[in-house]
Amino acid sequence: MSTAQLYTKYTRVWIPDPDEVWRSAEIIKDYKEGDKSLHLKLEDETLYEYPIDLQGNELPFLRNPDILVGENDLTALSYLHEPAVLHNLKVRFLESNHIYTYCGIVLVAINPYEQLPIYEQDVIYAYSGQNMGDMDPHIFAVAEEAYKQMARDEKNQSIIVSGESGAGKTVSAKYAMRFFATVGGSASDTNIEAKVLASSPIMEAIGNARTTRNDNSSRFGKYIQIGFDKRYHIIGANMRTYLLEKSRVVFQAEDERNYHIFYQLCASASLPEFKDLGLTCAEDFFYTSQGGDTSINGVDDADDFEKTRHAFTLLGVKESHQTTIFRIIAAILHLGNLEIQAERDGDACSVSSEDEHLNNFCGLLGVEHSQMQHWLCHRKLVTTSETYVKSMSVQQVVNARNALAKHIYARLFNWIVQHINKALHTTVKQHSFIGVLDIYGFETFEVNSFEQFCINYANEKLQQQFNLHVFKLEQEEYMKEGIPWTLIDFYDNQPCIDLIEAKLGILDLLDEECKVPKGTDQNWAQKLYDRHASSQHFQKPRMSNTSFIVLHFADKVEYQSEGFLEKNRDTVYEEQINILKASKYQMVADLFQDEKDAAPTTSMAKGTSKISVRSARPVIKAANKEHKKTVGHQFRNSLHLLMETLNATTPHYVRCIKPNDEKLPFKFDPKRAVQQLRACGVLETIRISAAGFPSRWSYHDFFNRYRVLMKKRDLSKNDKKQICQTLLEDLIKDPDKFQFGRTKIFFRAGQVAYLEKLRADKFRAATIMIQKTVRGWLQRVKYKRLRKAAMVIQRYTRGHLARRLAEHLRRTRAAIIFQKQYRMLRILRAFQRVRNATITIQAFARGMFVRRIYRKILAEHKATILQKYARGWLARTRFRRVRGATIVLQCYYRRMKARQELKALRIEARSAQHLKKLNIGMENKVVQLQRKIDEQNKEYKLLNEQLSMLTSAHSSEVEKLKKELVQYQQSHRGDGNQLVSLQEEMEHLRLELEKAHGERKVVEDSYVKEKDLLRKRISDLEEENALLKQEKEELNSRILCQSEDEFARNTVEENIQMKKELEEERSRYQNLVKEYSRLEQRYDNLRDEMTIIKQAPGHRRNPSNQSSLESDSNYPSISTSEIGDTEDVIQQVEEVGMEKAAMDMTLFLKLQKRVRELEQERKKLQTQLEKKEQESKKSQVIETKTEVTSDHEDFAYNSLKRQELESENKKLKNDLNELRKAIADRATQNNSSNDIQDSYNLLLNQLKSANEELEVRKEEVLILRTQIMKAAQQKETGKNMESITTNASWPNSDKHIDQEDAIEAYQGMCETNRLLEAQLQDQKREHEEEVEALKNQVDAMKEELEKQHQAFLQTLQLSPEAQVEFGLQQEITRLTNENLDLKELLEKLEKNEKKLKKQLKIYMKKVQDFEASQVTVPAERRQHERNMQVVVQRKEKDFQGMLEYYKEDEPLLIRNLVTDLKPQAVSATVPCLPAYILYMCIRHADYINDDQKVHSLLTSTINGIKKVLKKHNDDFQMTSFWLANTCRLLHCLKQYSGDAGFMTQNTPKQNEHCLKNFDLTEYRQVLSHLSIQIYQQLIKIAEGILQPMIVSAVLENESIQGLSGVKPMGYRNRSSSMADGDSSYSLDAIIRQLNTFHSIMCDQGLDPEIVQQVFKQLFYVINAVALNNLLLRKDVCSWSTGMQLRFNISQLEEWLRGKNLQQSGAAQTLEPLIQAAQLLQLKKKTSEDAEAICSLCTSLTTQQIVKILNLYTPVNEFEERVTVAFIRDIQMHLQERNDPPQLLLDFKHMFPVLFPFNPSSITMDSIHLPASLNLEFLHKV
């Protein structure tokens, strides 16, 4: 592959830039060999020509493809160089907010200057146990790698954290130690991990300070060794410190602070215990105010001081020692405020004895005031002959004071470190350790002095060790894969190290110059020039004679020699130290006593005169002062010890980078970043990797990624390795560019990018082909559409022209026809006009002649008519006058008779005998009426016959008269006058007949109008009544709905709140149970150890009975009352005694039964009334007018009857309530038996009188109703008959027929018809009721048939096994229902039997009370107790289902039934058989009233179960078995406890099995605790089995083959902690495991509710583990993973549906994972997409959504990354959410378990004991 192939058009490159270090550009013209420049286009679209050096041929760096940008591992980049590394870090830091990135074996950590939620306990658990390359880069991943390698290789480990000040070294080291403390917690109660973490606030307080670069900068280096035992639990720790910056105690630069402890102490000076320190605010002290501002934003010094004190206490520092520490720190502050007064020209000075700060200093340290005052200003000079005391100048005194303050603080610092090590020390043998080195990085400033020289010297040593380790790992990888090894050239900084530490090196020359009496910095610099001028790592500046330059691995550094000698000597005056040694405080004196006797410390001052380092090895004691070791010599020795320690361990590297100097969050300065990357060795790692084969692919991943480049014939081969080799040999011609290893393919730098380019070109060509084909198809479709449209337009245009021509022709023809017809019509009209005129003249002439003749005839006729009417009027007037006089006389006579009769009737009606006759003789009257009706019917038939005969006779007579009339007319035709008279008579008769008909018609019309008016009024009233009823119902329903809604809402809220409180309380309670079990387990362990030590059997523990809480409080109470609101009365009766209650209960129950019957009757009548109303409404539409009125009367009758019954019902209820009150009052009074009998008789009399009154009222109502109805009917019939008589013409009036008889006959017929109609209606009603009942039966049968049909269809759809199972379930359900019906019938019969027995006992009791009325109440009670005992003994005599055993057989029972029992032994028997057997044994102990036996058996059972669970703590089957049996035993103790709340579902036989003597509530509580513990152990076992499968099966397994793409991973996946075998799982493995769990629990009879809770918990674990892993892995956050994840979740949901676990809530626990999968698949571009994501992802927190979007990585080039603007838009939409701050789900969270009461239907006497249990010593009772 030539250069011309790489530098082609569209290729992107990196060019240098003064501002951004590196800048991206795109080649716009292919490069050819020999071109002097490269034509580029920058990102801002400007053109640029990049010059090329033809001699060096240095082309710009190539840029990686976009798919590789943002990789977790920098070594995964195809092009490995500085701009690629810088750009990758920048993209991860700014766009994805990822602060950690791998670079080979180095973890690069960029300080975000912001708190991130990635260090919680959940994140620690998520990284624990994971391979280093599987998760996103994190400090926890490095810590886990070190922990794993220590456990597997049994080799000590080291984590080296380095970086500039402010880069975050201390925080990284702190989090690494937190990880070890959490994962490797101590096995004992020493809490050593808490002490390790507690050392951090102390060391930060005394060793950290604010600098211009960092608010919490560590001003010392430390190496912490965390020790582990053989089980890899923390047992202790040890700390070494390096290079304490003592100069900060006395001097701080601007905007910097002294050590935090000074400000913390000043902030807490107002506390009472610190009053004697004499402290004020920090601004008042010179040593704390030199930097300016003494506070830090966001830091509370007083609060931090409390944490420091708490840490001291936790580490075991005594209160007295703490007080002394604070006194020394306060004394240092007072020392800095001494006022030094100059004397005698400045050669001498003094300190006033009245100086307040001097007094405080001496008082706090307990030293002599006068001596300290003297020796602060004087020094002692010792010669061979004598000793001189010399005064010092002011500057010398200030320097001596500062040196004393620094020395005091350094000694105090070392003392605190020693005590921390003492607190962290352990006597247990250390098996291995992990060291955490928190040390300064490479430093270069404008002025570099002795401190920077020592720091950079240490970094040179560390860099050398780092390079060797990286080189070693590369070599091991190549050898492991069988790659030919070629030596890689890497930078070796040994010459630079020799320059510093070799013989006559810089440090040697410095020590030699320090020994010279008058040695100076200038002389030492000159010696350096002379000695090392020829060294390649040493240079002399051109413009200075006191500076020198060292070429370090990172950069050139110029050091100023001023102060090197003084800082190397580290001088402190001995006189001042001697004063401090004589302190009256022992601790102060001890601080300085150790200086000569103990081993030299290894601490060094940074920026001042002394570095003091505590060495790990003892050093030979110095002979005298002159041979004292210099600071440089001590530091070199301590550094050698550190390197020896690191070389003996496996190192892990963390390089901390400071992104900017302004400490702004998430701001990236490329210049500063590149400077630190060069200094910390990251680029050197890249260079070493790039020199070899940096890109490594497994054959499987390479095949999946680049199979598009392969040929079809190659893909047909089965050997993927051979296919990959063939492809690479065809694509890359240079064989040196790649190598084939055993499991991987190794590529040189840039080769993967070339393959990606070929792959992209192949995809691009395929895309172009697809686009070409699709575009051609679209154009063809468009052409066809246009052609078709043109043809349609042509067709319609031609049709339009043809139609227009046809229209023209049609109009022409029509015009001709119009003309022809018009001309014809004009001539026709003229002819017709002439003809009509002629005819008109003729008609008028003829009419005139005819009218003349007509007028003459008409005048003659009118004269005749006038004569006729005048004669008739005179005759009628005379007749009317006679008839009116007759009628008046009749009326007056009849009125007189009616008044007399009415008077007699009124007198008779007022008499009492009449009422009695009416009441008593009603039945006789009914019989008489029936007879009268029969007689009337007979008379009616006779009258009909007579009427027909009369009618026939009348018609024959009329015919005869007509014939005679005709004959008479014929015989007398000549007699004209007689004929006229006859005609006049007939005319007169006809007129009268017409008049009668008219009057009848008027009467009928008035009747019809009046009837219509009444009907209309009735209908209006009914409509108004219906409207009022409807409004009333609407108002009632609205009020009811509102009240129900409000009540329901309040109820729901209260229920939710109560459920939440209940869940919280239950969770707290179960946590306490869990903690109790843990403590109990620990106690058992200790007891076992004591047993082994003493070799004596341990005592047997009794279960704790201290808890008085009811375990049943978690379950809902069940009410079994059947009497309703009479329970209170019964309770009162029971309190008084059975003697009084028995007498009144039967009466009470009778009354209640009577009330129930009346209620049922009322409901029945109400239903009949409703039916009648419906029938009346229908009949009003269908029937005739007379039927309408009769129905209205029936409706009125029914309403009247209903009102009467309702009033009677209310009255009876009132009486019943009064009777209840009377019973309650009588029961609560302590009266004698005679009073009781009187009250009982009174109640009976009241009830009897009430019943009689009810019957009388009913009869009166019925009588009155019949009278009212009869009167109304008579009135109606009278009106009808009057209308008939007035309207009818009687043809036989001349026969003298009696009219009153006819009226009575008609009334009788009406009465008969009404009675018959009523009977018919009753029969019809009964028939309809029977039909309706039959219809209901038919509907029920249809529903049952439909259910069976559906069940049959469902059965046909199932598999044969499922069909059999479903059939069995249906048969069991049917038999269960039949069994329940039979049980119900049996219970009713038993209730009747008990009722009769109770009545019999009551009657017997009455007899006894009457016979012994003088006996006292105690005697009655004794008699009652004797009777009760007799009853109990009689019941026990028939009792069965108990097992008897002897006390000495109890251990054998526990061993056979609990300890040694295997679940397989009872798999073929009744589920939970051991629980039933244990209960039957408990029953027998209760039966014989042996409390010791009950206590012993239950205690042994509980202890035996605990022992079995402890032995099988990882056996799911055994744990599930004993969870089922423990719950069943708990249910049995409840079911047979005798508590009514637990006995509602018991059969009478089961009720006989209840416990009689003992209340085992406390043991139920203990069993409830035990059940919770077993449940938690079951969940723990299941989680342990499932957890290793979850990530591999749910996230990584390719359920849909070929969907997910593969990306370059880098060699971080070759983590040394990875297992060699393949540990991947498929989703089928999880489903098989879930099936195993389900079948085990179901087979062992575990309650379905508990099974549901188990799977809800397990599915929550699946969700939490998978989601946490997704949130911490960039490689799985892609669209294809979302598709795979959604498919896997659907499989789990399908499994839940198949097992009928939808109601368990398990599917809801997967909701966050489902939404995460959907989030990966949704579009992520526009604001609408952001709104859709926010509305969809309700179960994910804001942090989780943003994290997934930041992690989202395209697998192919065609996918787009999520932009930063889109993520900001998401955050804006989600800012109103109040989400919890944690990022990860707590996968250890456990839902509170609930054990609902589940009674068994098995009776104890039906249980069979199998012989395999070896329980022959148990005997059935």
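Just above sits the structure.
Below is a short write-up of the structure. (Residues numbered from 1 in each chain as written. Predicted model: local features only at pLDDT ≥ 70, side-chain atom pairs only at ≥ 80, totals over all residues. Heavy atoms only, no water.)

Along the protein chain, the regular secondary structure elements total 51 helices and 28 strands. Sorting the 1821 residues of the protein chain into buried and exposed places 42% on the buried side. Taking as baseline every contact in the protein chain between residues at least 6 positions apart, the subset at least 24 positions apart corresponds to 73%. Put simply, the protein chain shows about 103,000 Å² of open surface, and 54% of that area lies on carbon and sulfur atoms. (Helix = DSSP H or I, 4+ residues; strand = E, 2+ residues; numbered from the N terminus. Buried < 20%, exposed > 50% of the residue type's maximum accessible area, 1.4 Å probe, protein only. Contact = heavy atoms within 4.5 Å. Areas by Shrake-Rupley, 256 points an atom, 1.4 Å probe, with all protein chains shown as cover.)

Attention shifts here to the pairing of strand β15 (residues 378–382). Summarising the sheet, β15 and strand β16 (residues 387–391) pair through five bridges and their orientation is antiparallel. Each bridged residue has a counterpart across the sheet, and for Lys380 the counterpart in β16 is Val389. Taking the residues between adjacent antiparallel strands as the criterion, β15 and β16 are bridged by four residues. (Pairing = 2+ DSSP bridges.)

Quick look at the sheet that holds strand β25 (residues 738–740) now. Taken together, three strands build an open sheet; the order of strands is β24-β26-β25 and the sheet is antiparallel. Each edge of the open sheet carries a strand with a single partner, namely β24 (695–698) and β25. The mean angle between the axes of side-by-side strands here comes to 20°, regardless of whether they run parallel or antiparallel. Pairing between β24 and strand β26 (residues 744–747): four bridges, direction antiparallel. Paired with Ser695 across the bridge in β26 is Phe747. Lying on the sheet, helix α24 (residues 699–706) is in contact with β24, β25 and β26; it crosses β24 at an angle near 90°. (Axes fitted to C-alpha atoms, helices over the stretch in contact; angles between N-to-C directions.)

In the structure shown here, the tally under the stated rule is 12 cavities of 30 Å³ or more. Considering only enclosed or pocket space, the largest cavity measures out at about 150 Å³ in volume. Considering the residues around the largest cavity, the lining is formed by 15 residues, among which Gly441, Phe442, Asn459, Ala679 and Cys680 are closest to the centre. Mapped by element, the contributors of at least two residues to the lining of the largest cavity are β8 (157–163), α14 (450–481), β23 (650–657) and α22 (670–680). Taken together, the residues of the lining of the largest cavity break down into seven nonpolar, six polar and two charged. (1 Å grid on protein atoms, 1.4 Å probe; cavity = no way out; pocket = protein on both sides within 12 Å on 5 of 7 lines; lining within 4 Å. Points joined across faces, edges and corners; volume = space filled by probe spheres on them. Nonpolar A, V, L, I, M, F, W, Y, C, P; charged D, E, K, R; others polar.)

Another point: the pattern of salt bridges. Tallied over the entire structure, the rule returns 34 salt bridges. For Glu807, the salt bridge identified is with Arg810, shortest N-O distance 2.7 Å. Taken as a pair, Glu807 and Arg810 lie in helix α27 (residues 751–910) at a separation of three residues, close to a single helical turn. Its relative accessible area of 34% is what places Glu807 among the partly exposed residues. According to the relative accessible area criterion, Arg810 is exposed, its value standing at 52%. (Salt bridge = Lys/Arg side-chain N within 4 Å of Asp/Glu carboxyl O.)

Time to look at the environment of Gly681. Within the secondary structure, Gly681 sits in the loop between α22 and α23 (682–691). Along the sequence, Gly681 and Phe466 sit 215 residues apart, while their C-alpha atoms lie 8.1 Å from each other. Sequence-distant contacts of Gly681, that is, excluding residues within four places in its chain, are made with Gln463 and Phe466.

On to the packing of aromatic side chains. Scanning all chains against the criterion turns up 43 aromatic pairs. Aromatic pair Phe312 and Phe326: ring centres 6.3 Å apart, planes at 75°, arrangement edge-to-face. You can see Phe312 sitting in helix α9 (residues 301–314) and its partner Phe326 sitting in helix α10 (residues 319–336), a full 14 residues away along the chain. Between Phe453 and Phe564 the ring centres are 6.1 Å apart and the planes differ by 65°, which places this aromatic pair in the edge-to-face class. Of this pair, Phe453 sits in helix α14 while Phe564 is found in helix α18 (residues 564–569), placing the two residues 111 residues apart along the sequence. Comparing Phe453 with Phe564, the two get one shared label, buried. An aromatic cluster of three or more residues is present, and its members are Phe450, Phe453, Trp524, Tyr529, Phe538, Phe548, Tyr559 and Phe564. If you follow Lys540 out to its NZ or CZ, it ends over the ring of Tyr529, 5.2 Å from the centre. The lysine or arginine in question, Arg655, covers the ring of Phe466, its NZ or CZ lying 5.0 Å from the ring centre. (Phe/Tyr/Trp six-rings, centres within 6.5 Å; stacked < 30°, edge-to-face > 60°. Lys NZ or Arg CZ within 6 Å of the ring centre and 35° of its normal.)

As paired strands, strand β1 (residues 12–17) and strand β2 (residues 21–27) are joined by six bridges and run antiparallel to one another. Within β2, the position partnered with Pro16 by the bridge is Trp22. Hairpin remark: β1 followed by β2, antiparallel, with three residues in the connecting loop. Relative to strand β5 (residues 61–62), β1 runs antiparallel, the two being bridged by two bridges. Residue pairing for β5: Trp14 is matched across the bridge by Phe61.

Another aspect to go through is the side chain of Asp511. Residue position: Asp511 is located in helix α16 (residues 506–515). Arg636 is the oppositely charged side chain nearest to the buried, salt-bridge-free Asp511, at an N-O distance of 4.1 Å. Those residues in contact with Asp511, other than ones at most four positions away along the chain, are Asn568, Thr630, His633 and Arg636. (Lys, Arg positive; Asp, Glu negative; His and termini not counted.)

Moving on, we come to the packing of helix α41 (residues 1516–1535) against helix α44 (residues 1627–1643). One can describe the packing of α41 onto α44 by two numbers: an axis separation of 9 Å at closest approach and a directional angle of 35°. For the pair α41 and α44, the sense of crossing is right-handed. Taken together, the residues of α44 that come into contact with α41 (itself represented by Phe1516, Gln1517 and Ser1520) are Phe1637, Ile1640 and Met1641. A per-class count over the contact of α41 with α44 returns four nonpolar, two polar and no charged. (Left-handed = near helix turned anticlockwise from the far one by under 90°.)

A separate point is unusual backbone geometry. Although it is not a glycine, Glu45 adopts a positive phi angle of roughly 70°. Of note, the phi angle at Asn1814 is positive, near 60°, even though the residue is not glycine. You can see Asn1814 is positioned in the loop between α51 (1764–1773) and β28 (1819–1820).

Attention now moves to the sheet that holds strand β12 (residues 234–242). The mixed open sheet is built from seven strands, whose spatial order is β6-β7-β23-β8-β17-β11-β12. Each end of this open sheet is capped by a strand with a single partner; those strands are β6 (100–103) and β12. For this sheet, the mean angle separating the axes of adjacent strands, direction not counted, is 20°. Looking at chain direction, β8 and strand β17 (residues 432–438) are connected through five bridges and run parallel. Note on β17: the bridge partner recorded for Gln157 is Ile434. Running over the sheet, helix α2 (residues 82–95) touches β6 and β7 (106–110) and is turned about 155° from β6. Sitting on the sheet, helix α5 (residues 169–183) is in contact with β8, β11 (221–228), β12, β17 and β23, with an inclination near 160° to β17.

Counting residues in hydrophobic clusters, the biggest one holds 326 residues, and the most contacted among them are Phe180, Phe262, Phe548, Ile1477, Leu1634, Phe1655 and Leu1818. Tallying contributions element by element places helix α43 (residues 1561–1596) first for this core, with 18 residues. Counting residues in each nonpolar core, the second largest holds 18 residues, with Trp697, Cys724, Ile732 and Tyr754 among its members. (Core = buried A, V, L, I, M, F, W, Y, C linked by side-chain atoms within 4.5 Å.)

Before going further, it helps to spend a moment on the packing of helix α49 (residues 1727–1736) against α51. Axis angle and axis distance: for two packed helices, these are the angle between their axes and the distance between the axes, and together they describe the pair. At a closest axis distance of 9 Å, the pairing of α49 and α51 adopts a crossing angle of 45°. Classed by the angle they form, the pair α49 and α51 counts as oblique. The interaxial crossing formed by α49 with α51 has right-handed handedness. Across the interface between the two elements, Ser1727, Asp1729, Ala1730, Glu1731, Ile1733 and Cys1734 from α49 touch Phe1766, Asp1769, Ile1770 and His1773 from α51. Class assignment for the residues of the contact of α49 with α51 results in five nonpolar, two polar and three charged. (Parallel < 35°, antiparallel > 145°, perpendicular 65-115°, else oblique.)

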